[in-house]
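Here's the letter readout for the chains.
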Amino acid sequence: RGIGLVYIVFGISALLGLSLLFAFKSIKSEDHETRIKGKFILFALISFTIASVINALVPLTAITLIIIRTILISSAIGFYFGFLLPERFVRNKE
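Residues numbered from 1 in each chain as written. Predicted model: local features only at pLDDT ≥ 70, side-chain atom pairs only at ≥ 80, totals over all residues. Heavy atoms only, no water.

Novice: Tell me what's going on with the pattern of salt bridges, and back it up with residues and numbers.
Specialist: Side chains carrying opposite charge are able to pair once their charged atoms draw close together. Applying the stated criterion across every chain yields a total of one salt bridge. Between K37 and E33 there is a salt bridge whose closest N-O contact spans 3.7 Å. Here E33 and K37 lie together in helix α2 (residues 32–57), a separation of four residues that amounts to about one turn. (Salt bridge = Lys/Arg side-chain N within 4 Å of Asp/Glu carboxyl O. Helix = DSSP H or I, 4+ residues; strand = E, 2+ residues; numbered from the N terminus.)

So this is what it looks like as structure tokens:
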């Protein structure tokens, strides 16, 4: 459990750190659609990190498994909208 936990923490930290840079650059973009995508990616990163930490540290029971999987599903939906945002969700600001 010791080296595996170190590996998980390192992986989550690297993913979070680099992806936060990507998300904040997207949020600061001039393009309206890119800013929306950046917000979805930021939401997905935060929810993925929370679910991963809970999964690594909390003993799995039926309730915690349902909570973790629900958070991971919301994270996956956030990543979907962040990378493949459907056109109907973008309002033109013109």
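Right, picking up where we left off after that structure.
Novice: Could you give an account of the confidence of the model for the protein, naming the residues involved and the relevant values?
Specialist: The pLDDT averaged across the protein works out to 88; a share of 96% of its residues lies at or above 70. Helix α1 (residues 2–27) is the least confidently modelled element of the protein, averaging 86 in pLDDT, while helix α3 (residues 62–83) averages 94, the highest of any element. (pLDDT = per-residue confidence, 0-100.)

Novice: Before we move on, could you go through the environment of G4 and cite the residues and values that matter?
Specialist: Counting through the fold element by element, G4 comes out in helix α1. Taking C-alpha positions, G4 is 22 Å from I71, a pair spaced 67 residues apart along the chain.

Novice: Account for the side chain of S47, with residues named and values stated.
Specialist: Within the secondary structure layout, S47 lies in helix α2. You can call S47 buried: its relative accessible area is 8%. Not counting chain neighbours up to four residues away, the residues in contact with S47 comprise I71, S74 and S75. (Buried < 20%, exposed > 50% of the residue type's maximum accessible area, 1.4 Å probe, protein only. Contact = heavy atoms within 4.5 Å.)

Novice: Just give me the short version of the environment of S74, but keep the residues and values in it.
Specialist: Within the fold, S74 resides in helix α3. Note: C-alpha distance between S74 and I3 (71 residues apart in sequence) is 29 Å. Beyond its immediate stretch of four places on either side in the chain, S74 contacts F43 and S47. From its side chain, S74 meets the backbone oxygen of I71 in a polar contact 2.7 Å long. (Polar contact = N/O pair within 3.5 Å; in protein donor to acceptor, adjacent residues only side chain to side chain.)

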